[in-house]
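Secondary and tertiary structure notes
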Amino acid sequence: MHTLINMSTIGRPMIHVSMLDTWSRCQIQWQRRYGARFGLWHTEEIVPPGVAAAVGTAVHEAIAHALREKISGVITPTDEVMEIARDQCVSMWQAGLLLTTTEESDIDRAMGRSIDDSVSMASFYHTTRLPEINPAGVESKFNITLPYYDFNLGGVIDIIDDNTDIIDIKTGKRNFSSAITLQMAIYSILVKATTKKFPRMVIIDKLGKNKVESLSSTPNDNWIRPAMMRIQVFAEWIQNVKAGKAPVLPAAPDSWVCTSAYCGYSRNCRYWTGREK
């Protein structure tokens, strides 16, 4: 089920990492999800999250709660963290998730596994990694004006510690070879624009069952520059599409992006090849 939002009363749009990633992978998906903000689609179509997103949200909510409590001087019991993760995951199932055909065929199993994953990852991070973190900010929101562009740049940073390190928690299947990513570059831009200096370090905590792999890097202008170039290309594409000088292109038909497991728009998209994953 899609949620449609009338964008006629929305002011200056804000771009963020998820939007740029979507645009890079499939411009059709981007248009349906975000295009209305830029006058390139009639409504903003929001599809329910998938199971993996529900797990990620549940884990983040539980860890964020424990980190906020730590800032206040309170140590959250592990049982409480597990309960928050479980309740958040169940709540998302109750609100409605976008399921693959396989998940629909055995909903109880899919739901049970997602709850187990949420509880397991949240509790493991809480007992092993969280004690090492001295948080100064949790889920900090940024929104800055970009000179020369018709949009702002924003984002929500999972954790900023007392050394101004940025920590981002990942629960999905994607593997990372480095902390030098578009997301971390944009987060560094946001922090520098707000504090006048780069974060000391950017850290990706890749979380799995009973495992946390941490990757880190020191931000500098050399790996920030490609992110700014990406934003410039995106801005130029917007203008060219509006002027009729550029198309809105779908993902490659053999791409993992063009599957029902990844794309919530697939079942009513004329470019979908019928692949589930």
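Residues numbered from 1 in each chain as written. Predicted model: local features only at pLDDT ≥ 70, side-chain atom pairs only at ≥ 80, totals over all residues. Heavy atoms only, no water.

1. What about the overall build of the protein chain?
Secondary structure summary: the protein chain contains 8 helices and 8 strands in total. Computed over the C-alpha atoms, the radius of gyration of the protein chain is 20 Å, within 12% of the 19 Å expected from 2.2 N^0.38 for a compact globule of 277 residues. Expressed as a percentage of its 277 residues, the buried residues of the protein chain come to 47%. Partitioning the contacts of the protein chain with sequence separation of at least 6, the portion at a separation of at least 24 is 65%. Of the accessible surface of the protein chain, which amounts to about 14,300 Å², a share of 52% is contributed by carbon and sulfur atoms. The protein chain carries 30 positive and 29 negative side-chain charges, and their two centres are separated by 8 Å. (Helix = DSSP H or I, 4+ residues; strand = E, 2+ residues; numbered from the N terminus. Rg over C-alpha atoms; globule rule 2.2 N^0.38 Å. Buried < 20%, exposed > 50% of the residue type's maximum accessible area, 1.4 Å probe, protein only. Contact = heavy atoms within 4.5 Å. Areas by Shrake-Rupley, 256 points an atom, 1.4 Å probe, with all protein chains shown as cover. Lys, Arg positive; Asp, Glu negative; His and termini not counted. Charge placed at Lys NZ, Arg CZ, Asp CG, Glu CD.)

2. Notes on the packing of helix α3 (residues 51-71) against helix α6 (residues 107-128)
As a packed pair, α3 and α6 sit with axes 9 Å apart at the nearest point and diverge in direction by 30°. It follows from the interaxial angle that α3 and α6 lie roughly parallel. Of the two possible hands of crossing, α3 and α6 adopt the one that is right-handed. On the side of α3, the interface is formed by V51, V55, A58, V59, A62, I63 and A66, while α6 contributes S114, D117, S118, M121, A122, Y125 and H126. Within the contact of α3 with α6, the residues separate by chemical class into 10 nonpolar, 3 polar and 1 charged. (Axes fitted to C-alpha atoms, helices over the stretch in contact; angles between N-to-C directions. Parallel < 35°, antiparallel > 145°, perpendicular 65-115°, else oblique. Left-handed = near helix turned anticlockwise from the far one by under 90°. Nonpolar A, V, L, I, M, F, W, Y, C, P; charged D, E, K, R; others polar.)

3. Some points on the pairing of strand β7 (residues 202-208)
On a regular strand, each side chain points to the face opposite its neighbour's, so the side chains alternate between the two faces of the sheet. For β7, the tally of buried residues reaches 7 of 7 residues, placing the bulk of the element in the interior. With burial as the criterion, each face of β7 is covered, one bearing V202, I204, K206 and G208 and the other bearing I203, D205 and L207. Bridging between strand β6 (residues 166-170) and β7 involves 5 bridges; their strand directions are parallel. Bridged to I167 within β7 is I203. Bridge analysis of β7 against strand β8 (residues 211-217) gives 7 bridges, and the strand direction is antiparallel. The residue of β8 that forms the bridge with G208 is K211. Count of turn residues in the β7/β8 antiparallel hairpin: 2 residues, of which N210 carries a positive phi of about 60°. (Pairing = 2+ DSSP bridges.)

4. Topic: α3
The terminal C-alpha atoms of α3 lie 30 Å apart, and with 21 residues this matches the ideal 30 Å at 1.5 Å per residue to within 8%. Regarding α3, the residues found buried are V51, A54, V55, G56, A58, V59, H60, A62, I63, A64, A66 and L67. At the exit of α3 stands G73, carrying a positive phi of roughly 90°. (Expected span 1.5 Å × (residues − 1).)

5. Thoughts on the state of the cysteines
In total, this model carries 0 disulfides according to the counting rule given. Of all cysteine sulfurs, the one in C269 lies closest to C258, which takes part in no disulfide; the gap is 6.4 Å. Taking the relative accessible area as the measure of exposure, C258 reaches 11% and is therefore buried. (Disulfide = S-S within 2.5 Å.)

6. Structural notes on the packing of aromatic side chains
One pass over the structure, following the stated rule, counts 10 aromatic pairs. Their ring planes at 75° and their centres at 6.3 Å tell us that F38 and F151 sit as a pair that is edge-to-face. On the criterion of sequence distance, the pair formed by F38 in the loop between α2 (27-34) and β3 (44-46) and F151 in the loop between β4 (135-145) and β5 (152-161) is long-range, its members being 113 residues apart. Note on F151: relative accessible area 4%, which makes it buried. Relative to F234, the ring of F38 lies with its centre 5.8 Å away and its plane at 85°, an arrangement referred to as edge-to-face. Taken together, the residues F38 in the loop between α2 and β3 and F234 in helix α8 (residues 221-242) connect sequence positions 196 residues apart. Residue classification places F234 among the buried positions, given a relative accessible area of 0%. Aromatic ring contacts, followed pair by pair, group W23, W30, F38, Y149, F151, F234 and W237 into a single cluster. Across from the ring centre of F198, 4.3 Å away, lies the NZ or CZ of K192, which sits over that ring. (Phe/Tyr/Trp six-rings, centres within 6.5 Å; stacked < 30°, edge-to-face > 60°. Lys NZ or Arg CZ within 6 Å of the ring centre and 35° of its normal.)

7. A short note on unusual backbone geometry
In the Ramachandran plot, E139 falls in the positive-phi region, its phi being about 50° despite a non-glycine side chain. Within the chain, Y148 stands out as a residue other than glycine whose phi angle is a positive 75°.

8. Focus: the confidence of the model for the protein chain
For the protein chain, per-residue confidence averages 92 on the pLDDT scale, and 96% of positions sit at 70 or higher. The element-level mean pLDDT for the protein chain is lowest in strand β1 (residues 3-5), coming to 41, with helix α4 (residues 78-95) highest at 98. Between residues 1-10, whose pLDDT stays under 50, and residues either more than four places distant or in other chains, the model counts 22 contacts. (pLDDT = per-residue confidence, 0-100.)

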